[in-house]
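# Fold and geometry: a report
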Amino acid sequence: MIIRPPKPKKIDDAFTVRALKDKCLTREGWCYRLEWYIDGKMRTKALGRHPEPAEAVAKAIEALGTGDVPARDLAGRDRTAPRTMDQLFRLAKAASETDPSLKPTTRRAYAAAYAHLEGFFGPIPVKRLRFADLEEYRGLRLRESAAPATLRLEFSVLSRTWRWGRRRGMTPMVDLPTPAMPSPQERPRVVPSPAEIQQVLAWTRAEVDAGRCREWVYVALVLFWATGARCDELAALDWSALDLSAGTIRLTGQHGGKTGARILSVKAAPSEHTPEWWAAVRAWRAAQSPPSERVLSVSYATVRVQLNGRHLPAACAALGIAPFTLHAIRHAAVTAFLEASPTPADIRAQFGHSFKVANAIYAHPTAGRQATLARKAGLGRLTAPQAP
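Residues numbered from 1 in each chain as written. Predicted model: local features only at pLDDT ≥ 70, side-chain atom pairs only at ≥ 80, totals over all residues. Heavy atoms only, no water.

Attention now moves to the overall build of the chain. From N to C terminus, the chain includes 15 helices and 7 strands. Counting over 388 residues, the chain shows a buried share of 39%. A fraction of 58% describes how many contacts in the chain between residues 6 or more apart in sequence connect residues 24 or more apart. Summed over its atoms, the accessible surface of the chain is roughly 21,300 Å², and 53% of this surface lies on carbon and sulfur atoms. (Helix = DSSP H or I, 4+ residues; strand = E, 2+ residues; numbered from the N terminus. Buried < 20%, exposed > 50% of the residue type's maximum accessible area, 1.4 Å probe, protein only. Contact = heavy atoms within 4.5 Å. Areas by Shrake-Rupley, 256 points an atom, 1.4 Å probe, with all protein chains shown as cover.)

A word on the nonpolar core. Judged by nonpolar contacts, the single largest core of 43 residues is most densely connected at Phe224, Leu242, Val303, Leu307 and Leu326. For this core, the secondary-structure elements that each account for two or more residues are α7 (194-209), α8 (215-227), α9 (231-235), β6 (248-251), α10 (276-287), α11 (300-319) and α12 (326-338). A total of 9 residues in this core trace back to one element, the largest contributor, which is α8. Excluding residues that lie within four positions of it along the chain, Leu326 makes contacts with Leu221, Phe224, Cys231, Val303, Leu307, Asn308 and Leu312. Counting residues in hydrophobic clusters, the runner-up holds 26 residues, among them Leu117, Val126, Leu134 and Leu151. (Core = buried A, V, L, I, M, F, W, Y, C linked by side-chain atoms within 4.5 Å.)

Our next topic: the pattern of salt bridges. Per the stated rule, a full pass over the model turns up 13 salt bridges. One salt bridge in this structure joins Asp175 and Arg166, with 2.6 Å as the shortest N-O distance. Salt bridges here are not isolated pairs; linked through shared partners, they connect Arg141, Glu144, Glu154 and Arg304. (Salt bridge = Lys/Arg side-chain N within 4 Å of Asp/Glu carboxyl O.)

Here we come to the environment of Thr248. Position of Thr248 among the secondary structure elements: in strand β6. Overall, the relative accessible area of 23% leaves Thr248 in the partly exposed class. Put simply, Thr248 and Ile263 are 15 residues apart on the chain and 6.6 Å apart in space, counted from C-alpha to C-alpha.

What follows covers the packing of aromatic side chains. According to the stated counting rule, one finds 6 aromatic pairs in the structure shown. Their ring planes at 55° and their centres at 5.4 Å tell us that Phe120 and Tyr137 sit as a pair that is tilted. Here Tyr137 lies in helix α5 (residues 131-143) and Phe120 lies in helix α4 (residues 104-121), a separation of 17 residues in the sequence. Side by side, Phe120 and Tyr137 carry an identical accessibility label, which is buried. (Phe/Tyr/Trp six-rings, centres within 6.5 Å; stacked < 30°, edge-to-face > 60°.)

Below, the discussion takes up the packing of α7 against α11. Contact geometry for α7 and α11: axes closest at 10 Å, N-to-C directions at 105°. Judged by the angle between their axes, α7 and α11 are roughly perpendicular. Between α7, through Gln199, Val200, Trp203 and Thr204, and α11, the contact on the second element is made entirely by His311, Leu312, Ala314, Ala315, Ala318 and Leu319. Looking at side-chain class alone, the contact of α7 with α11 contains 7 nonpolar, 3 polar and no charged residues. (Axes fitted to C-alpha atoms, helices over the stretch in contact; angles between N-to-C directions. Parallel < 35°, antiparallel > 145°, perpendicular 65-115°, else oblique. Nonpolar A, V, L, I, M, F, W, Y, C, P; charged D, E, K, R; others polar.)

Bringing the packing of α4 against α5 into the picture now. At their nearest, the axes of α4 and α5 sit 11 Å apart, and the two run at 125° to each other. Looking at the two axes, α4 sits oblique to α5. Taken as a pair, α4 and α5 cross one another with a handedness that is right-handed. Residues His116, Leu117, Phe120 and Phe121 of α4 form the contact with α5, whose own contacting residues are Asp133, Leu134, Glu136, Tyr137, Leu140 and Arg141. (Left-handed = near helix turned anticlockwise from the far one by under 90°.)

Here we come to the confidence of the model for the chain. Residues of the chain with pLDDT of at least 70 account for 74%, and the chain-wide mean is 78. Per-element mean pLDDT across the chain ranges from 47 in helix α2 (residues 71-75) up to 93 in α7. Low confidence marks residues 74-79, where pLDDT is under 50. Its contacts with residues over four positions away, or in another chain, come to 11 contacts. (pLDDT = per-residue confidence, 0-100.)

Our focus in this paragraph is the environment of Ala206. Tracing the sequence through the fold places Ala206 in helix α7. Relative accessible area serves as the criterion here: at 43%, Ala206 is assigned to the partly exposed category. Separated by 12 residues in sequence, Ala206 and Tyr218 place their C-alpha atoms 9.8 Å apart.

So, on to the pairing of strand β7 (residues 262-265). Burial of β7 is one-sided: the residues Arg262 and Leu264 facing one way are buried, the residues Ile263 and Ser265 facing the other way are not. With 4 bridges joining them, β6 and β7 adopt antiparallel strand pairing. Bridge pairing in β7 links Ile249 to Leu264. (Pairing = 2+ DSSP bridges.)

Positive phi, normally seen in glycine, also occurs at Ser297, with a value near 60°. Along the chain, Ser297 falls in the loop between α10 and α11.

Taking 1.5 Å as the rise per residue, α7 with 16 residues should run 22 Å; its terminal C-alpha atoms sit 23 Å apart, in good agreement. Along α7, the positions that sit buried rather than exposed are Ile197, Val200, Leu201, Thr204, Glu207 and Val208. On an axial view of α7, the arc spanned by its buried residues comes to 125°, and they lie on one face. Tucked into the core, α7 has its buried residues touching α8, α11 and α12. Downstream of α7 by one or two residues, Gly211 has phi in the positive range, about 80°. (Expected span 1.5 Å × (residues − 1). Arc of directions from axis to C-beta.)

This paragraph deals with the sheet that holds β7. Within the open sheet, the 3 strands sit side by side as β5-β6-β7. Their pairing is antiparallel. Edge positions in the sheet fall to β5 (242-243) and β7, since each of these pairs with one other strand and no more.

Structure representation (structure tokens):
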């Protein structure tokens with residue numbers, strides 16, 4: 001029969017009484033200690049053996065009252081526990097980066113998950129995190145066409161962070177529930193057509209002119225459709241990476257390593273006519289006052305939440321088309337690019353992926369092209385073609 005130690009007892013937000021698992025249970029009871037944190041580092045004080053947890057708690061309160069715990073630790077205990085989820089994420093992320101048991105690929109996966117989690121849960125107080133917040137986050141990520149495996153990883157990182165904080169007295173002593181995850185068959189895959197993207201762009205331009213939408217939203221959608229880049233690539237894009245006169249864009253690649261650094265050419269030759277979308281970017285640069293370092297002048301989390309969570313659903317509802325996300329625009333851009341019969345080197349230079357990945361994951365059939373190919377192949381032809 002396995003005898004488990006009593007559950008930890010919290011005295012307040014900073015101090016916890018814990019029974020040590022590595023000590024043998026004797027007639028005198030479990031061996032207890034008092035734990036608290038200062039600037040993310042654990043401090044402890046041995047409380048001896050006690051037959052009941054209540055006696056250990058009483059001993060801890062006595063130690064706090066008699067000065068056995070340094071006064072500087074008592075004065076700094078208000079800053080031991082993080083107040084918001086953003087502070088908790090920073091502490092847990094720093095711990096994971098120095099954890100020797102984690103592989104480099106695992107650390108990169110955790111870093112990508114933290115980027116999404118911090119953008120949504122960051123300002124929420126630790127003690128006020130609700131199940132409704134978790135469900136809202138799940139809905140947002142599903143609208144962004146996040147894969148079920150990706151969503152499960154992000155909730156796994158969130159639960160791991162919560163347990164990590166709970167062991168250190170930073171989070172409430174309750175389990176964090178996880179919303180139901182969709183199966184791969186339930187994941188919607190809506191890829192807009194070029195005509196639908198152009199309708200959304202026209203609707204957004206009208207909203208900007210009417211003062212109901214910010215200018216950077218229109219510029220962001222233009223860049224997504226014109227380049228087919230990922231959200232984090234464009235959110236991190238600086239003006240120094242754009243050569244407005246030569247017509248080139250230097251992308252640094254995605255932080256998770258899926259796409260590499262590359263340079264996109266806007267014009268085939270310096271004398272070629274400037275595309276209308278490039279003129280819109282140049283006009284946005286001239287209108288910025290004061291000028292910002294980043295092209296979109298907002299954070300990655302703002303781009304993702306504002307466009308995927310608010311603007312694109314509103315635009316699609318107003319136009320009566322199926323709702324899509326920023327990453328779906330990338331899929332549409334790759335599909336349109338492949339119909340122009342590019343070489344594998346062209347695909348790698350434009351999107352950072354090999355032809356195999358682009359064709360297997362990002363390419364989607366279009367109704368017009370399917371009908372054209374079927375007609376050329378003679379599918380459904382009832383009579384033989386007449387000889388010339």
